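# Examining the three-dimensional arrangement
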Amino acid sequence: MSNIKRLPDAEFEIMRIIWHHPTPITTMQIVDKLGEEKKWKPQTVLTMLVRLVEKNFLTSGKNGRERNYTPVISETDYMQIETGDFISRYRGNSVGSLIKTMYDGKNITDSDLEELKLWLKKQED
């Protein structure tokens, strides 16, 4: 799984819809969901779906005339890879440095820190 590459933002948006919808999901369901949020044309969505299949993020099959998609990689697995890569590239593998930067930049709240403390305590038990 370490050979997974970062998804471009548009492909990530499609994967988020697929991860948060019962699967398999049809092309039209994806287009409809994106239509609510974005104004993408069906052909644009189809092109990105083909790319996601080629990158092994999705499998694709036909049920009658409708094409269905199922994720190969879970959202949790992808986010773990993406987060680890981010920390490695930008914070020198230091989670503490990342949290300090986020706190100093007002991107992390006191309640976020409390949540983190509770999580750390659970990990110690």
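Residues numbered from 1 in each chain as written. Predicted model: local features only at pLDDT ≥ 70, side-chain atom pairs only at ≥ 80, totals over all residues. Heavy atoms only, no water.

The next subject is the overall build of the chain. Counting secondary structure elements, the chain contains six helices and three strands. Secondary structure of the chain in N-to-C order comes out as α-β-α-α-β-β-α-α-α. In terms of overall dimensions, the chain has C-alpha extents of about 50 × 30 × 30 Å along its principal axes. The buried share of the chain, taken over its 125 residues, is 24%. For the chain, the share of sequence-separated contacts (at least 6 apart) that also reach a separation of at least 24 residues comes to 51%. By element, 52% of the accessible surface of the chain is carried by carbon and sulfur atoms, the whole surface being about 8800 Å². Averaged over its 19 positive side-chain charges, the chain has a centre that lies 6 Å from the centre of its 19 negative ones. (Helix = DSSP H or I, 4+ residues; strand = E, 2+ residues; numbered from the N terminus. Buried < 20%, exposed > 50% of the residue type's maximum accessible area, 1.4 Å probe, protein only. Contact = heavy atoms within 4.5 Å. Areas by Shrake-Rupley, 256 points an atom, 1.4 Å probe, with all protein chains shown as cover. Lys, Arg positive; Asp, Glu negative; His and termini not counted. Charge placed at Lys NZ, Arg CZ, Asp CG, Glu CD.)

Let us look at the environment of Trp40. By secondary structure assignment, the location of Trp40 is in the loop between helix H2 (27-37) and helix H3 (42-54). A C-alpha to C-alpha distance of 37 Å links Trp40 and Asp104, two positions 64 residues apart in sequence. Aside from chain neighbours lying at most four places away, what touches Trp40 is Ala10, Glu13, Ile14, Leu34, Val45 and Met48.

This part is about the pairing of strand S3 (residues 66-71). One ladder, built from two bridges, connects strand S1 (residues 25-26) with S3; its direction is antiparallel. When the sheet's bridge partners are listed, Ile25 is paired in S3 with Tyr69. Sheet topology places strand S2 (residues 58-63) next to S3; six bridges connect them, and they run antiparallel. Within the sheet, the bridge partner assigned to Lys62 lies in S3 and is Arg67. Connecting S2 to the antiparallel partner S3 that follows it, the hairpin turn spans two residues, and Gly64 within it adopts a positive phi of roughly 70°. (Pairing = 2+ DSSP bridges.)

Moving on to the pattern of salt bridges. Throughout the structure, instances matching the rule amount to six salt bridges. Between Glu114 and Lys117 there is a salt bridge, and its shortest N-O distance comes to 3.2 Å. Residue Glu114 and its partner Lys117 are both found in helix H6 (residues 110-124); the two are separated by three residues, about one turn of the helix. Exposure remark for Glu114: the relative accessible area of 43% places this residue in the partly exposed category. A single salt-bridge network, built from bridges that share partners, covers Arg6, Asp9 and Glu82. (Salt bridge = Lys/Arg side-chain N within 4 Å of Asp/Glu carboxyl O.)

The next thing to look at is the sheet that holds S1. Reading across the sheet, the three strands line up as S1-S3-S2 and stay open at both edges, with antiparallel pairing between neighbours. With one partner strand each, in any of the chains shown, S1 and S2 form the two edges of the open sheet. Docked against the sheet, helix H1 (residues 9-19) engages S1, S2 and S3, running at close to 90° with respect to S3. Docked against the sheet, H3 engages S2 and S3, running at close to 120° with respect to S2. (Axes fitted to C-alpha atoms, helices over the stretch in contact; angles between N-to-C directions.)

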